[in-house]
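Working through the structure, step by step
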Amino acid sequence: MKLFHRKTSRCAHVPSEIASPSGAACEGCGSRFNLRSCAECGYVACCESQRAHNRQHAREARHPVIVSLPLGPHSFTWCYECARYVDADVG
């Protein structure tokens, strides 16, 4: 049973293959809470409710698509360029 549904759409920024996460902690600060993984290279970083290392990586590396961790049926995919949840084959 789904508790809620996020409206998603297709996005040209989603890579053809989603990269595997590079670790289990933020590569910027070491946090293990509310992590995101770069869809392009697998860089793991904390979310915007913490120190926003995910957004910083997206801007600096020009990798706009992130996936929430842990990967699975409840993960979401977000594109910073499109500023919306996007469709991706994850988990």
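Reading the values: the criteria
- Numbering of residues begins from 1 in every chain and follows the order in which that chain's sequence is written.
- Local features in this predicted model are restricted to residues whose pLDDT is 70 or higher, and side-chain atom pairs enter the listing and the counts only when it is 80 or higher, whereas totals over whole chains, interfaces and linings include all residues.
- Excluded from the side-chain calculation are hydrogens and water; included are all heavy atoms of the structure.
- Only centres within 6.5 Å qualify two rings of Phe, Tyr or Trp (six-membered ring in Trp) as a pair; their planes then separate them into stacked at under 30 degrees, edge-to-face at over 60, and tilted for everything else.
- Three labels apply to residues, based on accessible area from a 1.4 Å probe with only protein chains included: buried if under 20% of the type maximum, exposed if over 50%, partly exposed otherwise in between.
- Helix and strand assignments come from DSSP, with helices taken as H or I runs of at least 4 residues and strands as E runs of at least 2, each series counted from the N terminus.
- When checking whether two residues touch, look at their non-hydrogen atoms; a contact exists if any pair is within 4.5 Å.
- At least two bridges found by DSSP between two strands is the condition for calling them paired.
- What we call a nonpolar core is a set of buried Ala, Val, Leu, Ile, Met, Phe, Trp, Tyr and Cys residues that are connected through their side-chain atoms within 4.5 Å.

Points about the packing of aromatic side chains
Scanning the entire structure with this criterion turns up 2 aromatic pairs. Judged by centre distance (5.4 Å) and plane angle (90 degrees), the rings of Phe76 and Tyr85 are edge-to-face. Judged by relative accessible area, which is 15%, Phe76 ranks as buried. Residue Tyr85 is classed as partly exposed on the basis of its relative accessible area, which comes to 27%. Between Trp78 and Tyr85 the ring centres are 5.0 Å apart and the planes differ by 80 degrees, which places this aromatic pair in the edge-to-face class. Among the aromatic residues, ring-to-ring pairing joins Phe76, Trp78 and Tyr85 into one connected group.

Re the side chain of Ser37
When you line up the elements, Ser37 lands in strand S1 (residues 35-38). With residues up to four places along the chain from it excluded, the contact list for Ser37 reads Ala19, Pro21, Gly42, Tyr43, Val44, Val65, Ile66, Val67 and Leu69.

Quick word on the pairing of strand S3 (residues 65-68)
Neither face of S3 is exposed, since Val65 and Val67 on one face and Ile66 and Ser68 on the opposite face are all buried. Of the pairings in the sheet, the one linking S1 to S3 comprises 3 bridges and is antiparallel in character. The residue of S3 that forms the bridge with Arg36 is Ser68. Inspection of the sheet shows S3 paired to strand S4 (residues 77-79) by 3 bridges, in the antiparallel sense. Of the residues in S4, the one forming a bridge with Val65 is Cys79.

Here we look at the nonpolar core
One finds Cys11, Val14, Ala39, Val65, Val67, Cys79 and Val86 forming the largest nonpolar core, which totals 7 residues. Each residue touching Cys11, except ones within four places of it in the same chain, is listed here: Cys79, Cys82 and Val86.

A closer look at the environment of Ala61
Note that Ala61 resides in helix H1 (residues 53-61). Residue class for Ala61 comes out partly exposed when judged on its relative accessible area of 30%. In this structure the C-alpha to C-alpha distance between Ala61 and Glu40, which are 21 residues apart in sequence, comes to 9.7 Å.

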